[in-house]
Amino acid sequence: MHPSTWLKTDNTGLFCEPGGFYIDPMTEVTTALVTHGHADHARAGHHCVYASKETLAIMQTRYGEDMAKHQHTVTLGETITFNDVSVTFYPAGHILGSTQILLEYKGFRIVVSGDYKRRHDPTCPPFKVVPCDVLITEATFGLPVFKHPPIENEIDKLLHSLRVFPKRCHLVGAYALGKCQRLIIALRDAGYHKPIYLHGAQLKLCDLYQQFNIDLGELIPVSEVGDKKTLAGEIVIAPPSALSDRWSRSLPNVRTVMASGWMQIRARAKQRNAELPLIISDHCDWPELLMTIEQVNPKEVWVTHGREDALMYQAEKMGYKARALSLVGYDEEEQGGD
Amino acid sequence: MEAFSDLLEQLYYTAGNKAKAQLIADYIANTPDPDRGWAIAAMAGTLRFDFFKRNTVKKLIAEHTDPQLFAMSYDYVGEVSETVAHLWPHSEAVSPLPSLHSIVDTFANVAKQQVSKTLADYLTMMTPSQRWALLKLGTRGLRIGVSARSIKQILADYGNKDIKEIETLWHAVTPPYTQLLQWLEGKADKPDIENAVTFHPVMLSHPIEESDIDGFEPGMWQIENKYDGIRVQLAVNTEKTIQKISSDNTEESDIEKALFSRTGDDISHSFPDLLEHMQGNMVLDGELLVIQNASEEAKESLASIAPPKVDTFNALQQRLNKKKPAKSLMQSNPVGLIVYDALVLEGEQLTSLTLQERRKKLAAWIEHKKIPRVFLSNTLEASSPQELRQLHSRVCANRSVEGLMLKRLDSTYVPGRPKGKWFKWKRDPLVVDAVIMYAQRGHGKRSSFYSDFTFGAWQGEQLLPIGKAYSGFTDEELKKLDNWVRRNAIGRFGPVREVKKELVFEVAFDAVHPSNRHKSGVALRFPRIHRIRWDKPANEADTLEALKQLIER
């Protein structure tokens, strides 16, 4: 049976009728399968949640232990069933605990890939190519202008800036879940072993990463620094919303750095008032999207949240049937943490 | 090329003039000739030719990428150069890249049919940000927020010279400015510019004080209208003898006539109608205005006899910043020059003469030459402080005049702003009570505070934006306003916050003009916040109708 008859979108999200569950629903539902912990995919208050153990831990950290009445840990690669629908979670390579979900029903296989990327990420296993009839892919960076440079290049820019402006506090805007930790690890890999200072919003999730044995080195909350002047020449990481906020005014001689896939576009970087834009993303760039479609080689590609037009056009050019799947509520950046 | 591209990249993202100046100074200090001179030319807008046309770039990318994908990308990115820089599909990195000089040189000499191929080869060698730099450079479209004036200041600081020296030299030297730069570093002689047409730094006035008016002594002052145009300097030398063959200074410019703004920017290209008739060897100081009878008089060479019919500043504004003005625009808005001083006449330097002597020579010269579109500024009389005040209010009734100028008859022409020599007495500003509608964070010292405001006037129940302003607050007020915006924001458009329509500003401005660009149909000239009316209810602010009553003529 063709998936378009049993997997549908409504105002709450993506609903699998025969299985009776939603995937990444926006509002409280009876049964939710959650691909990863970003706030626009993982909401609190469901009756029953299925997700990876890391994702459940992230949700508990954010929403409290009782974020859902029943919390089921899934094992990646193991199939579970909902009525006649078989469900298997596979790694997506997006952030800690991120997954894609394979649904099998009446001879059809559909993969909901969630948010994913194909680059190496030390905090999660790599994206697995899962053969299927229909691939639902995101298109956050679904334009050929988006080609993310290697993360090492971007980290070099930051370290170079620290050498050129040794008296300026380098305030880096990075989303609290995923981006922040990846940035810290990349800095450590590049040989930066000084303490890194954190805005309050980053603390809990960094602690959580460390509980999962991901070494982030010495981290110090900015609130524990008595004399803020001592932060001159140091790296402070804060959520993007705090960059131009009152909070940042206590920091000495700030150089505004912003880590995001959007930073590739000058106007976007300017809008953010980023003096030093770092192109670091937890999503696929254009070549990765095309590579994934080729490798998965589905019969159809459904494209969601992002610049669908270009990716659909390209998928059709490559010989795949393509359609847009409009899902509500997935915020490009502010929530989603690209 | 790498260093230039890095510089542009950093300038693009760096806020604040000081930081930008620092980056440019570092670049100049660390980059060899002639590359750095070409970079300066690119930033100051003195490159003489486009390397390639925008159309060449568009055609080239259409040949190398899928047009649909390009269109979708361009729609998102919003700028051709950047879209091309990212989408260029070929990459064979070359290190090091050819120098900036060799790229300039290549495009200067390449055959027309080879331009596109040459550009393609360069794009293939480069990273996206280097491609962007090349495309911006090649179409002379650098927008890095550094004015030509700032570049001159940076050069002056670099060589520890007075900016006036740079301004004087600037138009007499050409890129890549090798001798100029080496002179700044003490490694070469100052460029010789004796015969060149160049900008002479101008003499400026102080705002008049009450005590100056009270102490007014008749007979000591030349009184003139303060015209509402732009101050310009017309420099002409069509009588250059070709005698500088021994020239080791190959960078000397061969320009015969030029029109400069008061800060020394060359604005000749916008006013070919004024320049075409100029002959001789002179430097005139005057006001550029739209003068309605200028062109018709030109035909009959009667210009200096009939009084000029001066149009509004708004009419002049349409002529400013046009790279190549349309013929129809030059006919509908013909420009002319009202001359009030002369630095050079018939090749003779006059700056050490008194104003009285200069004026006598200037009047006789204009009378004799009858140059089309050139008028002598008329002088006014007052025999007491009281008469002077009366004169001021009479003059200000005429909206094409901005007030009065008072200049000491015994003053020599001194560049800069010498004390007690020249005064300007502007008319009182107009004011309107307007309601703030939108706020945006400022830059530099105002950054992170909401300090740029859009305000509107009432049309019935609706507020229509009439202008934008950011100056006129104390630091204390700035904090209070920032706080008010945060508490009263109701919407967001990118960096712009919409606020509750509750707070009234008293906005001062110099004039109001009709405008098709704004929904309100009006545009204010030089609006600034005069007072914050915390006390005034928004519904008592002014109406658009009341504002329209103030439109000139």
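Residues numbered from 1 in each chain as written. Chains lettered and ligands numbered in written order. Predicted model: local features only at pLDDT ≥ 70, side-chain atom pairs only at ≥ 80, totals over all residues.

Per an unreviewed UniProt entry, chain B carries the name DNA ligase (ATP) and comes from Alteromonas hispanica. Its UniProt record gives chain B a comment under Catalytic activity (unreviewed entry), which states: "ATP + (deoxyribonucleotide)n-3'-hydroxyl + 5'-phospho-(deoxyribonucleotide)m = (deoxyribonucleotide)n+m + AMP + diphosphate." (UniProt positions renumbered as here; feature names shortened; annotations may be inferred.)

Taking an unreviewed UniProt entry as the reference, chain A is identified by name as Ligase-associated DNA damage response exonuclease belonging to Alteromonas hispanica.

A. Quick peek at the interface of chain B and chain A. Of the residues lining the interface, 19 residues belong to chain B; the matching set on chain A comes to 20 residues. Of all elements in the fold, only α1 (2-13), α5 (67-77) and α6 (80-87) of chain B reach the threshold of two or more residues within the side of chain B that touches chain A. Considering each element in turn, the side of chain B that touches chain A owes the most residues, six residues, to α5(B). (Contact = placed C-beta atoms within 7 Å. Helix = DSSP H or I, 4+ residues; strand = E, 2+ residues; numbered from the N terminus.)

B. How the structure looks around the packing of helix α2 (residues 17-30) of chain B against helix α10 (residues 148-159) of chain B. All names here are of chain B. As a packed pair, α2 and α10 sit with axes 10 Å apart at the nearest point and diverge in direction by 55°. As judged from the angle between their axes, α2 and α10 are oblique. Once α2 is placed against α10, the crossing between them reads as right-handed. Contacts between α2 and α10 involve Asn 17, Ala 21, Ile 24, Ala 25 and Ile 28 from the first element and Ser 150, Ile 154, Asp 157 and Tyr 158 from the second. Classifying every residue of the contact of α2 with α10 gives six nonpolar, two polar and one charged. (Axes fitted to C-alpha atoms, helices over the stretch in contact; angles between N-to-C directions. Parallel < 35°, antiparallel > 145°, perpendicular 65-115°, else oblique. Left-handed = near helix turned anticlockwise from the far one by under 90°. Nonpolar A, V, L, I, M, F, W, Y, C, P; charged D, E, K, R; others polar.)

C. View of the nonpolar core. Among the nonpolar cores identified, the biggest contains 231 residues, and Leu183(A), Val236(A), Ile237(A) and Ala434(B) are the most heavily contacted of them. Of all the elements, strand β6 (residues 335-345) of chain B adds the most residues to this core, at eight residues. Ignoring anything within four residues of it in the chain, the contact list for Leu183(A) reads Val172(A), Ala174(A), Ile237(A), Ala259(A) and Ile280(A). (Core = buried A, V, L, I, M, F, W, Y, C linked by C-beta atoms within 7 Å. Buried ≥ 20, exposed ≤ 12 C-beta atoms within 10 Å, placed from the backbone.)

D. Looking closely at the domain arrangement of chain B. Its domain assignment divides chain B into domain 1 (206-239 + 254-426) and domain 2 (430-548). Between domain 1 of chain B and domain 2 of chain B, the C-alpha centre-to-centre distance is 35 Å. (Domains from an automatic or database assignment.)

E. Examining the packing of helix α4 (residues 54-64) of chain B against α6(B) more closely. Residues and elements named next belong to chain B. At a closest axis distance of 11 Å, the pairing of α4 and α6 adopts a crossing angle of 35°. By crossing handedness, the relation of α4 to α6 is classed as left-handed. Within the contact between the two elements, α4 uses Arg 54, Val 57, Lys 58 and Ile 61 and α6 uses Val 80, Val 84 and Leu 87. Residue composition of the contact of α4 with α6, grouped by class: five nonpolar, no polar and two charged.

F. Region of interest: the environment of Thr73(A). All names here are of chain A. Within the fold, Thr 73 resides in strand β6 (residues 70-73). Residue classification places Thr 73 among the partly exposed residues on the basis of 13 C-beta atoms within 10 Å. Linking Thr 73 and Trp 247, residues 174 residues apart in sequence, is a C-alpha distance of 38 Å. If sequence neighbours within four positions are ignored, Thr 73 has contacts with Lys 53 and Leu 56.

G. Region of the structure containing the pairing of strand β12 (residues 169-173) of chain A. Residue and element names in this part refer to chain A. Counting buried residues along β12, five of its five residues qualify, which places the element largely inside the surrounding structure. Taking every second residue as pointing to the same face, both faces of β12 are buried, with Cys 169, Leu 171 and Gly 173 on one and His 170 and Val 172 on the other. Bridge analysis of β12 against strand β16 (residues 254-259) gives five bridges, and the strand direction is parallel. When the bridges of β16 are listed, Val 172 appears paired with Val 257. Sheet analysis places β12 next to strand β15 (residues 235-238), joined by four bridges and oriented parallel. (Pairing = 2+ DSSP bridges.)

H. Highlighting the sheet that holds strand β2 (residues 14-16) of chain A. Residue and element names in this part refer to chain A. Overall, mixed pairing links the six strands, which are arranged β1-β2-β3-β4-β5-β6 in an open sheet. Bordering the open sheet on either side are β1 (7-9) and β6, each of which pairs with just one other strand. Direction aside, neighbouring strands of the sheet carry axes that sit 25° apart on average. The sheet contact formed by strand β5 (residues 48-51) and β6 spans four bridges and is parallel. Opposite Ala 51, over in β6, you have Thr 73 as the bridge partner.

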